[in-house]
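# Notes for the structure review
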Amino acid sequence: MEGNFSPARLLSKVLLTALLTTCVAFLEPFDLLYENAVQAFYDSDYDNVVRFMEGALRSHREVRSTRIRCRLRCQDQHQLGQVFSESRFFDAVIRRAACMDACVEKKLGSQSVHKVSEDVVQDFNRRIPYNYLQLAYQKLKQPDKAAAAAHTYFQANPEHVEMGKNLEQYKDLQGVQEAHFVDREARPHQRSFTAAVKLYDKGDFEGSIALFEEALVEYYKADVECRALCQWPQKFEGYDYLRYRYSLYEVISDHFTQVLHCEHECVRDLATRPGRLSPMENYLPLHYDYLQFAYFQVGRLEEALRSALSYLLFQKGEEFVTENVAYYREALGHDGEPREVSTCCRRLGGPLLYDGVQLVQNSAALNGTQRVLLDQVITREECSALKHLAHAVTVAGDGYRGRMSPHTPNEKFEGATVLKTLQYGYEGRVPMSSARLFYDISERARRIIESYFLLNSTLHFSYTHLVCRTAITGQQDHRSDLSHPIHADNCLLDPEVLYHQFNNFEGGEFIFTEMDAKTVTASVKPKCGRMVGFSSGGENPHGVRAVTKGQRCAVALWFTLDPLFRELERLQADEVIQALDTQAVWGQSLSINPKDEL
């Protein structure tokens, strides 16, 4: 597509095929890698110090993120709050436990049962690995990396005098720049908050607003992750499970009491900077306090009022803020509502609107943000009808400026727009019921996505496409290319889409990746009636794996929140449907002439 996309648009694509899987890569236990790195250090083998220690840090991060993903996913699938009998409660507990074990085992392999000593856990919490890395990079004459490691260690150990001296020396070394002194373990919510305060103090209120808002998003995300990590055996001083002699119900009660205590401590943890014993006072409310003043400074009184009201949710009756609220109300001439203080991380899941539509995976389970996987969006009968429609109306290169293989020479691409399909129905070349089904399904998808993501404004179609990709016989051996390269649609002139499958085929999985376009974070294989919806910005790089056999078909839908970017052909199709609904006769003046948009 060529440039006619708003960054605000939501990209939804209805996919008729598959199961969610995550990229499987078994990890080496981080404590064993750590031990190897320490041994290499004492052997003066600094190359291996770096190799093993960096590997240990990566493994440690992956273990944490995997546990978070698995716990959130299984918590969503097996909710305890929706059971009302003893047997169902225990069933949900057992199923959740089995789900977590299977999920973690799938990603971490033997590490899921590998027990890491408390000493090693504390070393990672204290950032000890970065002390070794600093010395190793120094020996390997890589001062920029040594400076980053030293800075990272020093943030959590500010009392370490020798490291402080090392940092001063790095500043004078040739090739070391200020940008190299980065905290590799910086917590995003604290980093954004600190940067926001600096801009605020300099009088850059617009810049500070963006960073304070970013800090809030990261804070609530970190809060969800912290609470997820509490879903684990809790150990408190004076508590010995082996000597516990109480009944099952008391054990369960004590466990959940400990979990709640752990979750409560997340508030303190998220407000505590590395190397400090005490949290920053009034940390979360301060975000809203700063925001209300910053919004006031730039004349955005509506946002200032809402931020002030949000602050008062934490600090009820505080005099100065209460006075500010009164001022904003008077200036605006109306009252306001507090902000949604957990907007970024509240549980997405508005009504799915249609009977039978099922939520399969939410954003957390798909390892990203603003993602959803739904089943039974259309029936098998509708899948079959669309299959026959696709064979009748799609033309090679349609939607791709006539190019039969725009993305890979190993596949042929065929497509049709919703208006072209209606034209075929009007001309009697396909049943009008099938032509209208394509239109109705796209409208159904729009309403579901609009409802599920709790959007406050209308989604408009930016492009509607029925598209099939077919593996070219004799060109499938040893393929290493993708059916559609990894991309984030806001960033491309020629974006690709997601799909609905109707026929048997091999390959063609839709994938999400990290920004490196290599690390797969989620993979979706086709299943009739399945829909994937997601926002189309840089947060969701995605692509399609090679179709190596058969044909893969889908309905691809782009949406925008900006009516200026509405699809012209869609507006014409709306007029056609309206005419059909009112039993009007199409006149000769109605021109149906689909144009390629890709």
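As shown above, the structure is provided for reference.
These numbers were taken from a predicted model, which means no experiment stands behind them. (Residues numbered from 1 in each chain as written. Predicted model: local features only at pLDDT ≥ 70, side-chain atom pairs only at ≥ 80, totals over all residues. Heavy atoms only, no water.)

For the protein, the helix and strand inventory stands at 17 helices and 14 strands. The buried share of the protein, reckoned over its 598 residues, is 48%. The contacts of the protein with a sequence gap of at least 6 include a subset with a gap of at least 24, amounting to 76%. Taken as a whole, the protein presents about 30100 Å² of accessible surface, with 51% of it coming from carbon and sulfur. (Helix = DSSP H or I, 4+ residues; strand = E, 2+ residues; numbered from the N terminus. Buried < 20%, exposed > 50% of the residue type's maximum accessible area, 1.4 Å probe, protein only. Contact = heavy atoms within 4.5 Å. Areas by Shrake-Rupley, 256 points an atom, 1.4 Å probe, with all protein chains shown as cover.)

This next bit is on the pairing of strand S11 (residues 520-524). The side chains of a regular strand alternate, residue by residue, between the two faces of the sheet. Burial analysis of S11 places five of its five residues in the buried class, which makes it a mostly covered element. Direction of pairing for strand S10 (residues 510-513) relative to S11: antiparallel, over a ladder of four bridges. Bridging across to S11, Thr513 finds its partner in Val520. (Pairing = 2+ DSSP bridges.)

This next bit is on the environment of Glu185. With respect to the secondary-structure elements, Glu185 resides in the loop between helix H7 (161-171) and helix H8 (188-201). Between the C-alpha atom of Glu185 and that of Thr152, which follows or precedes it by 33 residues, the distance is 6.6 Å. Beyond its immediate stretch of four places on either side in the chain, Glu185 contacts Leu57, Arg61, Arg127, Tyr130 and Thr152. Here the side chain of Glu185 touches Arg61 through a polar contact of 3.5 Å, side chain to side chain. (Polar contact = N/O pair within 3.5 Å; in protein donor to acceptor, adjacent residues only side chain to side chain.)

Attention now moves to the packing of aromatic side chains. The geometry of an aromatic ring pair is captured by two quantities: the separation of the ring centres and the angle between the planes. Within this structure, the stated rule accounts for 24 aromatic pairs. Centroid distance Phe212 to Tyr290: 5.0 Å. Interplanar angle 20°. Geometry classified as stacked. One end of the pair, Phe212, is in helix H9 (residues 205-229); the other, Tyr290, is in helix H11 (residues 283-297), and 78 residues separate them in sequence. Of the residues examined, Phe212 reaches a relative accessible area of 0% and is grouped as buried. Between Tyr219 and Tyr220, the aromatic rings sit 5.5 Å apart at their centres with planes inclined by 90°, giving edge-to-face as the arrangement. The class of Tyr219 is buried, set by a relative accessible area of 4%. Tyr220 sits in the buried class, given a relative accessible area of 9%. Arg371 extends its terminal NZ or CZ atom over the ring of Phe512, reaching a point 3.9 Å from the ring centre. Sitting over the face of the ring of Tyr354, Arg444 holds its NZ or CZ atom 5.8 Å from the ring centroid. (Phe/Tyr/Trp six-rings, centres within 6.5 Å; stacked < 30°, edge-to-face > 60°. Lys NZ or Arg CZ within 6 Å of the ring centre and 35° of its normal.)

Enumeration over the complete set of coordinates arrives at six disulfides. Cys383 shares a disulfide with Cys528; S-S distance 1.9 Å. Between Cys383 and Cys528 the disulfide shows an S-S torsion of about 110°. By sign, it is right-handed. With a gap of 145 residues between them, Cys383 in helix H14 (residues 380-393) and Cys528 in the loop between S11 and strand S12 (531-535) connect regions that are remote in the sequence. In this structure, Cys383 and Cys528 share a single accessibility class: buried. For the protein, the bonded cysteines pair up as 1-4, 2-3, 5-8, 6-7, 9-11, 10-12 when numbered in the order they occur along the sequence. (Disulfide = S-S within 2.5 Å.)

On to the packing of helix H2 (residues 46-77) against helix H5 (residues 128-139), then. Viewed as axis vectors pointing N to C, H2 and H5 meet at an angle of 145°, and their least axial separation amounts to 9 Å. As for how H2 packs across H5, the hand of that crossing is left-handed. For the pair H2 and H5, contact is made by Tyr46, Val49, Val50, Met53, Glu54, Leu57 and Arg61 and by Pro129, Tyr130, Tyr132, Leu133, Ala136, Tyr137 and Lys139, respectively. When the residues that make up the contact of H2 with H5 are grouped by side-chain class, the tally is 11 nonpolar, no polar and three charged. (Axes fitted to C-alpha atoms, helices over the stretch in contact; angles between N-to-C directions. Left-handed = near helix turned anticlockwise from the far one by under 90°. Nonpolar A, V, L, I, M, F, W, Y, C, P; charged D, E, K, R; others polar.)

This brings us to the pattern of salt bridges. Inspection of every chain in the model, using the stated rule, returns 25 salt bridges. Note that Asp574 is salt-bridged to Arg570, the shortest N-O span being 3.8 Å. Of this pair, Asp574 and Arg570 both sit in helix H17 (residues 568-581), separated by four residues, roughly a single helical turn. Here the salt bridges do not stand alone but share partners, grouping Glu443, Arg446, Glu450, Arg570 and Asp574 into one network. (Salt bridge = Lys/Arg side-chain N within 4 Å of Asp/Glu carboxyl O.)

For the rest of this paragraph, the subject is helix H4 (residues 118-125). Along H4, the residues that are buried comprise Val120, Asp123 and Phe124. Buried residues of H4, seen end-on, are gathered within an arc of 95° and therefore sit on one face of the element. Exposed side chains of H4 directed beyond 90 degrees from the buried face belong to Glu118 and Asp119. Structurally, H4 contributes buried residues whose contacts are with helix H1 (30-42), H2 and H5. (Arc of directions from axis to C-beta.)

A few words now on the packing of H14 against helix H16 (residues 432-452). Each pair of packed helices gets described by two things: the angle between the helix axes and the distance between those axes. Taken N-terminus to C-terminus, the directions of H14 and H16 make an angle of 120°; their axes are 10 Å apart at the nearest point. Here H14 is positioned oblique relative to H16, judged by the angle of their axes. Considering only the axes of H14 and H16, their crossing is left-handed. Taken together, the residues of H16 that come into contact with H14 (itself represented by Glu382, Ala385, Leu386 and Leu389) are Ser434, Ala435, Leu437, Phe438, Ile441 and Arg444. Grouping the constituent residues of the contact of H14 with H16 by class yields seven nonpolar, one polar and two charged. (Parallel < 35°, antiparallel > 145°, perpendicular 65-115°, else oblique.)

Within helix H15 (residues 418-426), eight of the nine residues are buried, leaving the element largely enclosed by the surrounding structure. Looking only at H15, the buried set comprises Val418, Leu419, Lys420, Thr421, Leu422, Gln423, Tyr424 and Gly425. Close packing links the buried residues of H15 with H14, strand S5 (395-396), strand S6 (411-417), H16, strand S7 (460-471) and H17. A positive backbone phi angle near 80° is found at Gly428, which sits one or two residues after H15.

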